[in-house]
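Here are the chains, one letter per residue:
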Amino acid sequence: MTSDVVKLVEVGPRDGLQNESRRVPVAVRVNLIERLIAAGLRNLEVGAFVSPRWVPQMEGSDEVMRSLLPLPGVSYCALVPNEKGLEAALGCGCPEIAVFAAASEAFSQRNINCSIAQSLARFEPVLMRARHAGIPVRGYVSCVLGCPLGGDVALTDVVRVSTSLYEMGCYEISLGDTTGVGTPEKTKALVRACASEIPLASLAGHFHDTYGMAIANLYAALDCGVRVFDSSVSGLGGCPYAPGATGNVATEDVAYLLHRLGVRTGIDLDALVHAGTYIDKALGRLTASRTARAINARSDRG
Ligand code: HMG
Ligand code: MG
């Protein structure tokens with residue numbers, strides 16, 4: 001695996017902060033993003049143009065976007081649920097967006113107040129307008145390994161929704177284990193099923209760590225050939241519409257694993273741990289990253 005390069009998409013400033021009960025000011029969000037870039041992250045999801053009534057933590061995403069300097073090789077992305085969100089994204093010069101659907105009807109209703117079919121219909125004009133504006137669109141599918149409201153989710157449903165987004169023009173499909181209920185064997189079956197319809201290079205893994213399986217699931221997906229993973233510094237976050245779900249797999253833990261496998265990530269692990277400590281202090285929380293804890297304990301001793 002030494003010659004491989006893995007792309008990490010840092011979702012802490014969005015998926016992480018959207019679920020923290022303490023809201024952080026725009027300046028802190030921007031500072032966090034700048035620290036993550038300094039630590040070597042190049043793909044960052046920095047906000048969401050969703051209703052502030054539904055997710056108040058993401059209010060001010062336009063200000064965040066306007067505050068970020070365009071940097072060579074760095075890509076900023078934000079969530080967009082509909083045309084109103086797209087207009088907000090275009091209005092502040094957002095260079096990339098992500099639409100988000102679910103493989104579970106119940107979750108789709110809870111998360112974006114419409115059925116899966118309605119959500120896909122809403123995304124059609126969003127993708128068309130984004131294409132005209134020259135903006136790449138990523139696609140998320142939630143509940144790919146289970147739903148917090150409806151239980152098991154059929155792989156055929158995951159493949160159907162993922163394929164619809166891909167055929168609509170999403171360049172990458174991020175498969176979201178929203179509540180972290182997946183296991184490595186199920187992850188492998190998921191990747192194989194999706195890769196039968198979508199090129200493996202266009203699939204990404206998005207694992208939450210509720211049952212401590214996120215890093216194992218990521219490794220299983222890596223073993224199947226997936227080379228793009230979403231992660232969140234310090235394991236921030238969860239999902240506002242999936243009670244009890246914890247944050248994403250911690251970026252520090254993913255970087256540690258990949259570096260030990262000889263995979264290049266471009267990440268400076270110590271700088272990343274510092275970025276995590278910065279946001280943990282702002283939120284008044286402790287890190288969920290085992291790697292960060294180990295590195296901090298080492299420097300405390302030293
Ligand atoms: P709705 O209430 O059905 O929308 O919400 P509506 O079209 O009926 O409009 C109602 C009001 O919302 C109107 O305002 C609209 O203008 C406004 P009013 O006239 O009452 O003053 N509105 C908006 N405001 C700001 N931005 C917008 C927007 N659209 C309408 N884009 C809506 C539908 C989709 C907006 C709502 O359900 C929503 O914002 N949901 C967001 C849910 C969310 O952000 N969830 C978390 C992200 S998904 C996730 O975390 C999973 C993921 O990480 C992968 C994984 O782990 O699985 C991606
Ligand atoms: Mg998520």
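What comes next is a walk through the structure. (Residues numbered from 1 in each chain as written. Chains lettered and ligands numbered in written order. Predicted model: local features only at pLDDT ≥ 70, side-chain atom pairs only at ≥ 80, totals over all residues. Heavy atoms only, no water.)

Scanning the protein from N- to C-terminus turns up 12 helices and eight strands. For the protein, whose C-alpha radius of gyration is 18 Å, the value lies close to the compact-globule estimate of 19 Å for 302 residues. Taken along the three principal axes of its C-alpha coordinates, the protein extends 55 × 40 × 35 Å. Among the 302 residues that make up the protein, the fraction classed as buried is 56%. Sequence-distant contacts in the protein: of pairs separated by 6 or more residues, those separated by 24 or more amount to 75%. Carbon and sulfur atoms form 52% of the exposed surface of the protein, whose accessible area is close to 12,400 Å². Side-chain charges of the protein comprise 28 positive and 30 negative groups, with the mean position of each set lying 3 Å from the other. (Helix = DSSP H or I, 4+ residues; strand = E, 2+ residues; numbered from the N terminus. Rg over C-alpha atoms; globule rule 2.2 N^0.38 Å. Buried < 20%, exposed > 50% of the residue type's maximum accessible area, 1.4 Å probe, protein only. Contact = heavy atoms within 4.5 Å. Areas by Shrake-Rupley, 256 points an atom, 1.4 Å probe, with all protein chains shown as cover. Lys, Arg positive; Asp, Glu negative; His and termini not counted. Charge placed at Lys NZ, Arg CZ, Asp CG, Glu CD.)

Around ligand 1, 26 residues are found, and the nearest of them are Ser51, Asn111, Asn113, Ser142 and Thr178. Gln18 places a side-chain nitrogen or oxygen 2.8 Å from an oxygen atom of ligand 1. In this structure, an oxygen atom belonging to ligand 1 sits 2.7 Å away from a side-chain N or O atom of Ser142. The protein chains hide 76% of the 1,100 Å² of surface that ligand 1 would expose on its own. For the shell around ligand 1, the secondary-structure elements that each account for two or more residues are helix H1 (12-16), helix H4 (83-91), helix H5 (105-112) and strand E5 (137-142). For the shell around ligand 1, the class distribution of residues is 11 nonpolar, 11 polar and four charged. (Near = heavy atom within 4 Å. Polar contact = N/O pair within 3.5 Å; in protein donor to acceptor, adjacent residues only side chain to side chain. Nonpolar A, V, L, I, M, F, W, Y, C, P; charged D, E, K, R; others polar.)

It is worth spelling out the packing of aromatic side chains at this point. According to the stated counting rule, one finds zero aromatic pairs in the structure shown. Of note, Arg14 hangs over the ring of Tyr140, and the distance from its end group to the ring centre comes to 5.5 Å. Here Arg35 stacks its cationic end above the ring of Tyr278, 4.0 Å away from the centre of that ring. (Phe/Tyr/Trp six-rings, centres within 6.5 Å; stacked < 30°, edge-to-face > 60°. Lys NZ or Arg CZ within 6 Å of the ring centre and 35° of its normal.)

A covalent bond between the sulfur atoms of two cysteines is referred to as a disulfide. Applying the stated rule across the entire model yields zero disulfides. Left unpaired, Cys92 is separated from the closest cysteine sulfur, that of Cys94, by 5.8 Å. (Disulfide = S-S within 2.5 Å.)

Within the protein, the magnesium ion (ligand 2) binds to Asp15 (OD), His206 (NE2) and His208 (NE2); these donor distances fall in the range 2.1 to 2.3 Å. In primary sequence terms, the donor set of the magnesium ion (ligand 2) follows D-x190-H-x1-H. On the criterion of sequence distance, the pair formed by Asp15 in helix H1 and His206 in strand E7 (residues 203-207) is long-range, its members being 191 residues apart. Here Asp15 falls in the buried class, since its relative accessible area comes to 3%. Since its relative accessible area comes to 5%, His206 is described here as buried. (Donors = N, O, S within 2.8 Å, 3.2 Å for Na, K, Ca; no water.)

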